[in-house]
Amino acid sequence: VLSCVEELSLMLPEASKIKLRAAVEMRLGRLEELRTIFQLDKEVSSMFGKITSRAMDLGEGIIGVLPMYDMINHSMKPNLALSFGDEKFSLWALRDIQEGEELFVSYKDNENQEWDENDAVWMLVQWGIPMREWARSVSQSTSSNGEVHQVLAG
C-alpha cells in the first residue's frame, strides 16, 4: 500500500498522502471483501479491475456494465455526452468530431461543480487519472510563502 501511495503521490503531488492511502485501502478492502464473499482465487479476482473499469452508477441504485465505457477517456472538455433513462443509454457528440480524434466524456456528473481534493484522489485511485485541473487550482491559490488560500475538502 505504501509503495502504491508513493507512486500515486508522484502523479499528483498536491494530493494528501493520507487521503491517497485511505482511497487505496478502500479499493483493496472492497476487492478482498468480494474475493471472500464469492470465494474467488487470485486469477478470477483479477477480472475485478476490468469489470469495475466498465461499471458505472446508472442511478436509482442500479449499477451497469458498459463494455465500451473504459475505451472513452475523461476530459474536462468532453466531445461526447452520455445519459441513461428508460432502460437504455444514449451517447452523442457535443460538437463535430474529426476522423481519428480521440473520444472523451466527463466522468463527473455535473461539470459545473468544483473539483475538490476528494474528487481528485478518487479519480486517481479509481481510474488512474491525475486531475491536473484540480492541482493547478490548488497551486494557483497558494501564495509565495506557501499558505493555501483555498479551503480543501476533508
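Quick look at the structure, then. Since this is a predicted model, take the numbers as computed values, not measurements.

Okay, a nonpolar patch on the surface next. Taken together, the side chains of Val44, Met47, Ile51 and Val65 make up a nonpolar region of the molecular surface, amounting to roughly 330 Å² of accessible area. For Val65, the location among the structural elements is in strand β2 (residues 62-65).

Okay, the packing of helix α1 (residues 2-11) against helix α2 (residues 17-37) next. Each pair of packed helices can be described by the angle between their axes along with the distance between the axes. Running from amino to carboxyl end, α1 crosses α2 at an angle of 125°, the nearest separation of the two axes being 9 Å. Classed by the angle they form, the pair α1 and α2 counts as oblique. When you trace α1 past α2, the crossing you get is right-handed. The segment α1 lies against α2, with Leu2, Cys4, Val5, Glu6, Leu8 and Ser9 engaging Lys17, Leu20, Arg21 and Val24. Tallied by class, the residues present in the contact of α1 with α2 amount to six nonpolar, one polar and three charged.

Another aspect to go through is the side chain of Ser75. Among the structural elements, Ser75 can be located in the loop between β3 (73-74) and β4 (80-85). Apart from the residues lying within four places of it in its own chain, the contact partners of Ser75 are Phe104, Val105 and Ser106.

What follows covers the pairing of strand β1 (residues 55-59). Note that β1 and β2 share four bridges and pair antiparallel. Counterpart to Asp57 in the pairing with β2 is Ile63. Joining the antiparallel neighbours β1 and β2 is a turn of two residues, in which Glu60 adopts a positive phi near 55°.

Under the defined criterion, the tally for this structure stands at six salt bridges. Among the salt bridges present, the one from Arg30 reaches Glu33, with a minimum N-O distance of 3.1 Å. Here Arg30 pairs with Glu33, and both are found in helix α2, just three residues apart, close to one helical turn. Here Arg30 falls in the partly exposed class, since its relative accessible area comes to 39%.

Each value, and the rule that gives it
Residues numbered from 1 in each chain as written. Predicted model: local features only at pLDDT ≥ 70, side-chain atom pairs only at ≥ 80, totals over all residues. Heavy atoms only, no water. Patch = residues over 30% accessible without salt bridge, like charges linked within 9 Å, V, L, I, M, F, W, Y side chains within 5 Å. Areas by Shrake-Rupley, 256 points an atom, 1.4 Å probe, with all protein chains shown as cover. Salt bridge = Lys/Arg side-chain N within 4 Å of Asp/Glu carboxyl O. Helix = DSSP H or I, 4+ residues; strand = E, 2+ residues; numbered from the N terminus. Axes fitted to C-alpha atoms, helices over the stretch in contact; angles between N-to-C directions. Parallel < 35°, antiparallel > 145°, perpendicular 65-115°, else oblique. Left-handed = near helix turned anticlockwise from the far one by under 90°. Contact = heavy atoms within 4.5 Å. Nonpolar A, V, L, I, M, F, W, Y, C, P; charged D, E, K, R; others polar. Pairing = 2+ DSSP bridges. Buried < 20%, exposed > 50% of the residue type's maximum accessible area, 1.4 Å probe, protein only.

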